[in-house]
Amino acid sequence: MRPGRLRAALLLALLGLGVPGAPAAGKKTPRKAAPKSAPPRTSASGKAASKKPTRKASGRKAQARKPAKPVKPGEITPGVAVVEYPAALEGVFARLEALEKGQGEAGVVRILHFGDSHVASDHLTGRLRSLLHQRFGDAGPGFLMPARPWRGYPHAGLVQHIGRKWPAFSLRSKEADGLFGLAGAAVTIPEGETYQVTGPFTGFRVQTLGPGVEAPLITVADPAGAPLPLALASRTEAVPGERQLQSFSQTGLGAAGPLELSVALPGSTRLLGVELLSGRPGIQYDELGLDGAALFDLEKWDPDLCRLLLAGARPDLIVLAYGANDLGRPDMGWDAYRARAEALVRRLKAESGASVLLVAPTDMAARRRRSAAPLAQRAKAICEALRQVALDTGSAFWDARSAMGGPGSILAWRKAHLAQRDLVHFTPAGYQRLGDLLFGSLMEGYQAFRGSRAGAP
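Caption draft 1: The arrangement of the packing of helix α3 (residues 90-100) against helix α11 (residues 428-454) in detail. α11 packs onto α3 with a crossing angle of 80° between their chain directions and a minimal axis gap of 10 Å. Considering the angle they form, α3 stands roughly perpendicular to α11. Packed against α3, whose contacting residues are Glu90, Phe93, Ala94, Leu96, Glu97 and Glu100, the element α11 presents Leu442, Gly445, Tyr446, Phe449, Arg450 and Arg453 at the interface.

As structure tokens, this is what we get:
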């Protein structure tokens, strides 16, 4: 091939002409087809839609789409609540001051905390017990319900081994006969079985009610399982109906480590309760709550037995924490409620000789919108009724709802994992937080009392 023709052939090859499979000169290379799974957007007319840059949402829509800031567990903004009418607690504060100063005559300051399901689990009262023990001394675990009346009945540091399915009676029973222990409950121990509890104590008291027994089968074993020698002291008081209220006690059990107490009784005798004591000065804080209880359930107590139990307990302070279950009673006028509550508080004060602290219900929310307004009205009414009862009877008052943050605060507690879905009850952490708030309010009153005494001539 001549040189001129060779240069022409090379030029055509570079331009892609005459090469098999190459596109013809002057034609554009076709674009790859879009995947079937992602067809091109089209307008309503069928033409391809023009692609426009995406704009960020602005204004209210942007705010609505913005995710809510997550609430950390336990992150709430509690309200401010003080113990109102603190002068009613001056006797209790004086006993606490003696304990804190280590004065020998201080002995044991005993607090009975009555209430509904908020109290019955012992999370709230257990927190208060722990805080008071740390500051003023540990007088022992205190009063225990006879056996385990329900699954959710913990008591810090103690193990109850048996008793959930025993025959039980309480102020909440449909045919309540009024013959119960301090916690408003009693059980009968089936033949061949025993009540057992293990924990740290050096003394105990067992209360029974029945035709009377000379010596119930009570044993105490050390951590190795060896029985300890006992010399029981007993006390018997007659109760109408040919019954006897009996108390069997022992002190000075000096064995180190947790002990096991076992109790067996005749089938006709009721076990009213057990007290476990440390033998040291300090606080005995007794949890006396019942699921579903209302304030006026205390009226179902046999009056003679109630008087004997309160006189024997010799409490320094009675805490009455009710009202949540009274909110569902629109049939009762608040004037009548206040009058009955006042009569009940006066009777408890007279029979026990103790100071009284009335606790208003915690905040709660209705799950249905139409129930929200009536619930809020009743909550406000019962709080004001209990506040007036406290003033009229010379008692102290604490508003739990205000301490939580006021009306509607239960929603924030729920977001913080401190309240349960029913927007009524709390988680264990929530009850402990509530205990911290009540303890803080009590200590503010106590510090003010100490300050007033320091400045006195």
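This is not the end of the story, as more comes after the structure.
Caption draft 2: Highlighting the packing of helix α5 (residues 123-136) against α11. Between α5 and α11, the shortest axis-to-axis distance is 7 Å and the interhelical angle comes to 40°. In this view, α5 runs oblique relative to α11, as classed from their interaxial angle. For the element pair α5 and α11, the recorded crossing hand is right-handed. Contacts from His123, Leu124, Arg127, Leu128, Leu131, Leu132, Arg135 and Phe136 in α5 reach Pro428, Tyr431, Gln432, Leu434, Gly435, Asp436, Leu438, Phe439, Met443, Tyr446 and Gln447 in α11. Here the residues of the contact of α5 with α11 are counted per class, giving twelve nonpolar, four polar and three charged.

Caption draft 3: Region of the structure containing the pattern of salt bridges. Evaluation of the coordinates by the stated rule reveals 23 salt bridges. For Arg450, the salt bridge identified is with Glu97, shortest N-O distance 3.7 Å. Note that Arg450 is positioned in helix α11 and Glu97 in helix α3, a separation of 353 residues in sequence. Residue Arg450 is classed as partly exposed on the basis of its relative accessible area, which comes to 27%. Look at Glu97 and you get buried, because its relative accessible area is 7%. The salt bridge partner of Arg110 is Asp286, with a shortest N-O separation of 2.6 Å. Taken together, the residues Arg110 in strand β1 (residues 108-115) and Asp286 in strand β13 (residues 282-289) connect sequence positions 176 residues apart. With respect to class, Arg110 is no different from Asp286; both count as buried. Each member of the salt-bridge network shares a partner with another, and the members are Glu97, Glu100, Lys101, Arg135 and Arg450.

Caption draft 4: Helix α7 (residues 334-352), seen in detail. When the terminal C-alpha atoms of α7 are compared, their 27 Å separation across 19 residues agrees well with the 27 Å that a helix rising 1.5 Å per residue should span. Restricting attention to buried positions, one finds in α7 the residues Tyr337, Ala341, Leu344, Val345, Leu348, Glu351 and Ser352. Taken around the axis of α7, the buried residues stretch over an arc of 135°, which confines them to a single face. Seen from the buried face of α7, the exposed residues on the opposite side, beyond 90 degrees, are Asp335 and Ala350. Packed against the buried residues of α7 are α6 (303-313), β14 (317-321), β15 (355-360) and α8 (369-393).

Caption draft 5: Focus on the side chain of Ser409. Among the structural elements, Ser409 can be located in helix α10 (residues 409-415). On the basis of relative accessible area, Ser409 is assigned to the buried category, the value being 7%. Apart from residues no more than four positions distant in its own chain, Ser409 is found in contact with Asp363, Arg401 and Met404.

Caption draft 6: Structural view of unusual backbone geometry. Within the chain, Tyr85 stands out as a residue other than glycine whose phi angle is a positive 55°. In this fold, Tyr85 is placed in the loop between α2 (59-65) and α3. Even without a glycine there, the phi angle at Arg314 is positive, about 50°. When you line up the elements, Arg314 lands in the loop between α6 and β14.

Caption draft 7: Region of interest: the nonpolar core. Grouped together as the largest cluster of nonpolar side chains are 51 residues, with contacts concentrated most on Phe114, Leu298 and Leu320. Top element by residues in this core is α8. It accounts for eight residues. Those residues in contact with Phe114 that sit more than four places away from it in its chain are Val119, Leu182, Leu288, Leu298, Trp301, Ile318, Val319, Leu320, Ala321 and Tyr322. Within the second largest apolar cluster, 45 residues are counted, among which are Ala403, Ala416, Leu437 and Leu442.

Caption draft 8: Expanded view of the environment of Leu423. Mapped onto the secondary structure, Leu423 falls in the loop between α10 and α11. Once the C-alpha coordinates of Leu423 and Met364 are considered, the two residues, 59 residues apart in sequence, prove to be 5.5 Å apart. Not counting chain neighbours up to four residues away, the residues in contact with Leu423 comprise Asp363, Met364, Ala365, Ile410, Leu411 and Arg414.

Caption draft 9: Main features of the confidence of the model for the chain. Taken residue by residue, the chain gives an average pLDDT of 82. The fraction at 70 or more is 78%. This model gives residues 6-68 a pLDDT under 50, and the stretch forms 17 contacts once residues within four places in sequence are excluded.

Caption draft 10: Structural view of the packing of aromatic side chains. Counted according to the given criterion, the structure contains eight aromatic pairs. Three or more aromatic residues link up through ring pairs in this structure, and these residues are Phe93, Phe136, Tyr446 and Phe449. The cationic tip of Arg270 hangs over the ring face of Phe169; the distance from NZ or CZ to the ring centre is 4.2 Å.

What counts and what doesn't
Sequence positions are assigned chain by chain, starting from 1 and proceeding in written order. The predicted origin of the model limits local features to residues at a pLDDT of at least 70 and limits the giving and counting of side-chain atom pairs to 80 or more, whereas totals for whole chains, interfaces and linings rest on all residues. Where side-chain values are given, they derive from all heavy atoms of the structure, hydrogens and water being excluded. Axis geometry follows a simple rule: fit a line to the C-alpha atoms, using only the stretch in contact for helices, then measure angles between N-to-C directions, giving values from 0 to 180 degrees. Only DSSP runs of H or I reaching four residues or more are called helices, and only runs of E reaching two or more are called strands; each is numbered from the N terminus. Any angle that is under 35 degrees is reported as roughly parallel, and any over 145 degrees as roughly antiparallel; angles of 65 to 115 degrees are reported as roughly perpendicular and all others as oblique. In this analysis, two residues are considered to be in contact whenever any of their non-hydrogen atoms come within 4.5 Å of each other. For any pair of crossing helices, the crossing counts as left-handed if the nearer helix is rotated counterclockwise from the farther one by less than a right angle, and right-handed if it is rotated clockwise. Side-chain classes follow a simple rule in which Ala, Val, Leu, Ile, Met, Phe, Trp, Tyr, Cys and Pro form the nonpolar group, Asp, Glu, Lys and Arg form the charged group, and the remainder, Gly included, forms the polar group. Salt bridge, as used here, is a side-chain nitrogen of Lys or Arg placed within 4 Å of a carboxyl oxygen of Asp or Glu. We call a residue buried when its accessible area falls under 20% of the maximum for its residue type, exposed when it is over 50%, and partly exposed in between, using a 1.4 Å probe and counting protein chains only. Multiplying 1.5 Å by the helix residue count minus one yields the expected span of that helix. Think of the arc as the fan of directions from the helix axis to the C-beta atoms. We call a set of buried residues a nonpolar core when its members are Ala, Val, Leu, Ile, Met, Phe, Trp, Tyr or Cys and they connect through side-chain atoms within 4.5 Å of each other. Predictor confidence is given residue by residue as pLDDT, running from a minimum of 0 to a maximum of 100. For this analysis, a ring pair means two rings from Phe, Tyr or Trp (six-membered ring only for Trp) whose centres lie within 6.5 Å, classed as stacked if their planes differ by under 30 degrees, edge-to-face if by over 60, and tilted for the remaining angles. Any Lys NZ or Arg CZ that is within 6 Å of a ring centre and within 35 degrees of that ring's normal is treated as a charge sitting over the ring.

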